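# Remarks on the overall topology
Each chain, written out:
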Amino acid sequence: MAVLDRLRKVGNYMSKGWHSTNPDSYSSYKQGREHERKQEERGREEADRSAELGREEARRGREHEERYAAERAAEEPQAEAPRDKPGKPE
């Protein structure tokens, strides 16, 4: 029984990656720095993604405005143009 307990402890120690549980240890410092680095990286990626979505939305808005402005411009001359009577000379 004692041998199994020892093996379990060794297995637990190895599965933790031989990290100290002391909050003042280097492994805790290193783990904290890695966590901060990953958070900053995720923040940058999110900012990049948000900026890309903003640019895409602005581009779509411009395309929409250009397309419908052209359609409105094409419709306006037809509505404003006076119709000539076919039998009346000028």
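The paragraphs below set out a description of the structure included in this document.

What counts, and where the lines are drawn
- Residues numbered from 1 in each chain as written.
- Predicted model: local features only at pLDDT ≥ 70, side-chain atom pairs only at ≥ 80, totals over all residues.
- Heavy atoms only, no water.
- Helix = DSSP H or I, 4+ residues; strand = E, 2+ residues; numbered from the N terminus.
- Buried < 20%, exposed > 50% of the residue type's maximum accessible area, 1.4 Å probe, protein only.
- Areas by Shrake-Rupley, 256 points an atom, 1.4 Å probe, with all protein chains shown as cover.
- Phe/Tyr/Trp six-rings, centres within 6.5 Å; stacked < 30°, edge-to-face > 60°.
- Polar contact = N/O pair within 3.5 Å; in protein donor to acceptor, adjacent residues only side chain to side chain.
- Salt bridge = Lys/Arg side-chain N within 4 Å of Asp/Glu carboxyl O.
- Patch = residues over 30% accessible without salt bridge, like charges linked within 9 Å, V, L, I, M, F, W, Y side chains within 5 Å.

### Considering the overall build of the chain
Summing up its helical and strand segments, the chain has two helices and zero strands in all. The buried share among the 90 residues of the chain stands at 2%. For the chain, the computed accessible surface area is about 9000 Å², with 52% contributed by carbon and sulfur atoms.

### Considerations on the packing of aromatic side chains
To describe a pair of aromatic rings, you give the distance between the ring centres and the angle between the ring planes. Counted under the stated rule, the structure contains one aromatic pair. Geometrically, the ring pair formed by Tyr26 and Tyr29 is tilted, given 6.0 Å between the ring centres and 40 degrees between the ring planes. Remark: Tyr29 and Tyr26 occur in helix α2 (residues 26-80); sequence separation between them is three residues, near one turn of the helix.

### A short note on the side chain of Ser27
Of note, Ser27 is situated in helix α2. Assessed through its relative accessible area of 17%, Ser27 is described here as buried. In terms of polar contacts, Ser27 uses its side chain to reach the side chain of Ser25, at 3.1 Å.

### Things to note about the pattern of salt bridges
Applying the stated criterion across every chain, the model contains nine salt bridges. Linking Arg37 and Glu41 is a salt bridge whose minimum nitrogen-to-oxygen distance equals 3.2 Å. In this pair, Arg37 and Glu41 both sit in helix α2, four residues apart, roughly one turn of the helix. The class for Glu41 is partly exposed, based on a relative accessible area of 33%. The salt bridge partner of Glu56 is Arg59, with a shortest N-O separation of 2.3 Å. With Glu56 and Arg59 both in helix α2 and three residues apart, the pair spans about one turn of that helix.

### A look at a nonpolar patch on the surface
Taken together, Met1, Val3, Leu4 and Leu7 make up a surface patch of nonpolar side chains, about 490 Å² in accessible area. You can see Met1 is positioned in the segment before α1 (2-15). Judged by its relative accessible area of 77%, Met1 is exposed.

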